[in-house]
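Overview (structure and organization)
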Amino acid sequence: MSSAETNRSWYKRNEIAITPWLFLLPAMLFFAVYVIMPIGQSFWISFHEWDGLGDKTWVGTANYERLLGIGDQNIDRKFEVSFWNNLRWLVLYLLAIPAGLFIALFLNQTVFGIRLYKSLFFFPFVISQVVVGLVFSWFYLPNDGLFDVMTGWFGITITDGVLGNRNTATYGIIAAGLWPQTAYCMILYLTGLNAVDPEQVEAARLDGAKGRKMLWYVILPQLKPATFIAFVVTIIGALRSFDLISVMTNGGPFGSTRVLSFYMFEESLSEFGFRMGYGAAIAVVLFFIMLGFIVYFLWSMYQDEKGAR
Amino acid sequence: MFPTPIEKRPRSTQITYQAFLPVALILWLLPLLAVALFSIKPDADFTNGNYWGVPSSFEAFNNYGKVFFESNMPRYLLNSLFITIPTVIGAVALSCMAGFALGVYKFKGNLLIFFIFIAGNFVPFQILMVPVRDLTVSMNLYDTKLGLVLFHVAFQTGFCTLFMRNFIRALPFPLIEAARVEGVAEWRIFLYVVLPLMKPALAALAVLIFTFIWNDYFWAVVLTQGPDAQPVTAGITEFNSQFRAAYHLMSAGSIVAALPPVAMFFLMQKHFIAGLTLGAVK
């Protein structure tokens with residue numbers, strides 16, 4: 001009885017200090033087990049040769065040496081192709097930001113039915129990437145696909161179709177990815193435009209600013225938060241690209257559409273045996289590419305937090 | 001407003017704009033309209049090379065009927081539902097609590113924990129893949145819905161906590177202080193003061209997570225195989241190999257697979273966009 005009382009009073013006395021930890025505990029536990037620890041484990045596994053079932057064999061940095069071609073071996077060709085494709089994705093995916101802004105400016109009016117137009121323009125984002133991939137692979141069908149029919153009007157023919165040609169396949173997939181991503185950026189900018197200070201716009205208008213000048217000097221600075229988020233989600237989207245590649249070309253033709261995330265999956269879970277160690281090494285490289293961006297994102301958010309205090 | 005409201009422009013510009021809107025929309029949704037067209041065509045149209053013309057007969061009921069009654073599609077759809085709903089509940093519950101802790105209390109490490117949750121969000125899936133798959137196998141949860149749900153809950157908690165914490169921060173703090181002065185226990189403050197105010201955030205997160213999880217493909221392929229546990233995004237590939245080159249059925253299947261999040265979006269549009277554009281306005 002007395003011990004229960006002291007227990008209770010101890011809890012009462014420290015309630016404010018303990019409660020947050022009790023509330024945090026389940027989320028932290030889940031997050032630690034499924035997200036934080038696996039990152040460390042992947043680093044560990046990347047120094048081993050492992051088929052996912054038996055014992056791991058320590059091989060030191062051999063996986064990385066083979067991947068990057070350190071020493072007397074050549075760089076892994078598939079890795080090289082994947083890496084360059086990743087860069088293509090990163091650069092071209094960013095087109096979603098200006099494209100999204102353009103559509104947002106186009107739709108930022110108050111005519112009859114505009115709300116429905118806005119949601120229909122946004123709608124590609126809600127569809128799963130698998131379906132987007134399927135839709136676009138039919139769109140790109142050689143000869144019978146709508147895209148091929150339309151390019152035919154201009155006398156352009158792409159041998160084997162967009163996705164069957166190693167020079168165009170990656171760009172075809174990126175274009176498919178840009179479709180939902182542009183919709184996402186558009187909705188971010190529409191929300192941002194809604195919050196633009198009308199007094200500033202009027203003032204600038206009285207000063208004779210309009211068109212492109214107005215956009216650049218008055219509107220865009222106010223859209224900065226939207227641009228930041230658009231940038232974050234687009235970069236992440238570009239580096240996560242997996243679904244579209246898997247559905248549309250499965251890495252082909254001749255492995256020309258591989259990216260690091262896809263190559264990693266292929267190495268780890270391919271039918272030629274599971275090479276988990278090598279896969280983990282690829283994942284670690286991808287992680288480090290990502291880390292540069294993550295640090296930048298977090299730093300920006302940290303500045304905001306400090307400003308809010 | 002920017003750009004200049006169209007009402008202030010000459011009449012001719014207004015008419016051009018109004019006329020151009022539907023054209024732009026059709027161009028934008030062209031790939032989707034093509035699939036919708038495919039899905040109501042008869043098989044014969046494709047063998048005759050009539051891919052893009054008017055359907056020679058209206059076969060929507062037939063095609064969609066086949067999807068629902070002659071394939072594993074209903075099973076995959078159910079799997080998706082049984083994966084998505086528990087994930088939504090789990091992730092929202094965990095992050096409500098974590099967001100409350102991080103948003104209301106000042107303690108050492110608060111900001112650090114918050115930033116770990118955010119950082120976890122940005123991590124490429126691939127670095128988690130091998131260990132998570134290994135963990136799931138060793139818990140005997142490989143190829144089960146539960147295995148997928150547990151991972152999704154854990155991963156989505158990062159984004160949800162970011163969302164919840166920022167939402168709770170924007171709530172009027174004196175409300176909580178007043179309750180404290182009254183001697184209300186902390187967990188009661190959460191339950192009776194904060195939680196009722198969080199309804200819009202709960203709705204926004206629920207629809208967002210529903211869409212994210214329904215559309216997940218990568219983890220479905222990594223953690224499951226076969227129709228017992230696979231969600232519809234992964235199942236559609238099996239469906240497509242069953243109806244190889246039968247475009248009318250494959251497109252009907254795709255539309256069915258894509259529909260639930262679309263319906264969710266149109267029903268809960270306000271919440272969905274509020275959730276998605278969090279932070280886009282200061």
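Residues numbered from 1 in each chain as written. Chains lettered and ligands numbered in written order. Predicted model: local features only at pLDDT ≥ 70, side-chain atom pairs only at ≥ 80, totals over all residues.

Some details on the overall build of chain B
A count of helical and extended segments in chain B gives 15 helices and zero strands. For chain B, whose C-alpha radius of gyration is 24 Å, the value lies well above the compact-globule estimate of 19 Å for 282 residues. Once the C-alpha set of chain B is aligned to its principal axes, its extents read approximately 75 × 65 × 30 Å. Looking at chain B as a whole, 46% of its 282 residues are labelled buried. (Helix = DSSP H or I, 4+ residues; strand = E, 2+ residues; numbered from the N terminus. Rg over C-alpha atoms; globule rule 2.2 N^0.38 Å. Buried ≥ 20, exposed ≤ 12 C-beta atoms within 10 Å, placed from the backbone.)

Section: the overall build of chain A
Looking only at helices and strands, chain A has 16 helices and two strands in total. Taken over the C-alpha trace, chain A has a radius of gyration of 25 Å; the compact-globule value for 309 residues is 19 Å, which it surpasses by more than 25%. The principal-axis extents of the C-alpha atoms in chain A amount to approximately 80 × 60 × 35 Å. Considering only contacts in chain A between residues 6 or more positions apart, those separated by 24 or more positions represent 65%. (Contact = placed C-beta atoms within 7 Å.)

Quick word on the domain arrangement of chain B
The accessible area lost on association of the parts is a frequent measure of interface size. Residues and elements named next belong to chain B. On domain assignment, one finds that chain B holds domain 1 (6–63) and domain 2 (69–276). Computed over C-alpha atoms only, the centres of domain 1 and domain 2 are separated by 34 Å. Counting residues at the interface gives 10 residues for domain 1 and eight residues for domain 2. Contributions of two or more residues to the side of domain 1 that touches domain 2 are made by helix H2 (30–39) and helix H3 (43–47). With four residues, H2 is the single largest residue contributor to the side of domain 1 that touches domain 2. (Domains from an automatic or database assignment.)

Focus: the confidence of the model for chain A
Model confidence for chain A is summarised by a mean pLDDT of 89, while 96% of its residues fall at 70 or above. The lowest-confidence element of chain A is helix H1 (residues 2–13) of chain A, averaging 66 in pLDDT; the highest-confidence one is helix H5 (residues 96–107) of chain A, averaging 95. (pLDDT = per-residue confidence, 0-100.)

Regarding the domain arrangement of chain A
Assigned domains within chain A: domain 1 (2–35) and domain 2 (76–308). Look at where the C-alpha atoms of domain 1 of chain A and domain 2 of chain A centre, and you get two points 43 Å apart.

Focus on the environment of Asn50 of chain B
Residues and elements named next belong to chain B. Residue position: Asn50 is located in the loop between H3 and helix H4 (60–69). Along the sequence, Asn50 and Leu191 sit 141 residues apart, while their C-alpha atoms lie 61 Å from each other. Look past the residues within four positions of Asn50 in its chain and what remains in contact with it is Asp45 and Ser56.

Focus on the interface of chain B and chain A
Contacts between chain B and chain A engage 74 residues on the former and 80 residues on the latter. Residue composition of the side of chain B that touches chain A, by class: 58 nonpolar, 14 polar and two charged. (Nonpolar A, V, L, I, M, F, W, Y, C, P; charged D, E, K, R; others polar.)

Things to note about the environment of Asp228 of chain B
Along the chain, Asp228 of chain B falls in the loop between helix H12 (218–223) and helix H13 (232–242). Here the alpha-carbon distance between Asp228 of chain B and Val281 of chain B, two residues 53 residues apart in the chain, equals 44 Å.

Quick notes on the packing of helix H5 (residues 73–104) of chain B against H13 of chain B
All names here are of chain B. Orientation of H5 relative to H13, taken along the N-to-C sense of each, is 165°, at an axis distance of 9 Å. By the angle class used here, H5 and H13 are roughly antiparallel. The crossing of H5 and H13 is right-handed. Facing H5, whose interface residues are Met73, Tyr76, Leu77 and Ser80, H13 presents Val232, Gly235 and Phe239. Residue classes in the contact of H5 with H13 are distributed as five nonpolar, two polar and no charged. (Axes fitted to C-alpha atoms, helices over the stretch in contact; angles between N-to-C directions. Parallel < 35°, antiparallel > 145°, perpendicular 65-115°, else oblique. Left-handed = near helix turned anticlockwise from the far one by under 90°.)

Some points on unusual backbone geometry
Residues and elements named next belong to chain A. Following Gly252, the chain continues to Pro253 via a peptide bond in cis, the omega torsion being -10°. Considering the arrangement of structural elements, one finds Pro253 in the loop between helix H14 (243–248) and helix H15 (260–269). A positive phi is found at Asn143, a non-glycine position, where the angle reads about 65°. Tracing the chain through its elements places Asn143 in the loop between helix H7 (129–139) and helix H8 (146–153).

Some thoughts on the packing of helix H6 (residues 110–122) of chain B against helix H8 (residues 145–169) of chain B
All names here are of chain B. The contact between H6 and H8 brings their axes to 7 Å, and the two run at 135°. As summarised for this structure, H6 and H8 are arranged oblique, according to the angle between their axes. Crossing handedness for the pair H6 and H8: left-handed. Of the residues in H8, those in contact with Phe114, Phe117, Ile118, Gly120 and Asn121 of H6 are Gly158, Phe159, Thr161, Leu162 and Arg165. Considering only residue class, the contact of H6 with H8 consists of five nonpolar, four polar and one charged.

What to know about the nonpolar core
Formed by 169 residues in total, the largest nonpolar core has its most connected members in Met186, Tyr189, Ile282 and Leu286 of chain A together with Ile209 of chain B. Not counting residues up to four positions away in its chain, the partners in contact with Leu286 of chain A are Leu239, Leu260, Ser261 and Met264 of chain A together with Pro124, Gln126 and Ile127 of chain B. (Core = buried A, V, L, I, M, F, W, Y, C linked by C-beta atoms within 7 Å.)

Concerning the confidence of the model for chain B
Overall, the prediction assigns chain B a mean pLDDT of 90, with 100% of residues at 70 or greater. Confidence metrics for the complex model read pTM 0.91 and ipTM 0.91.

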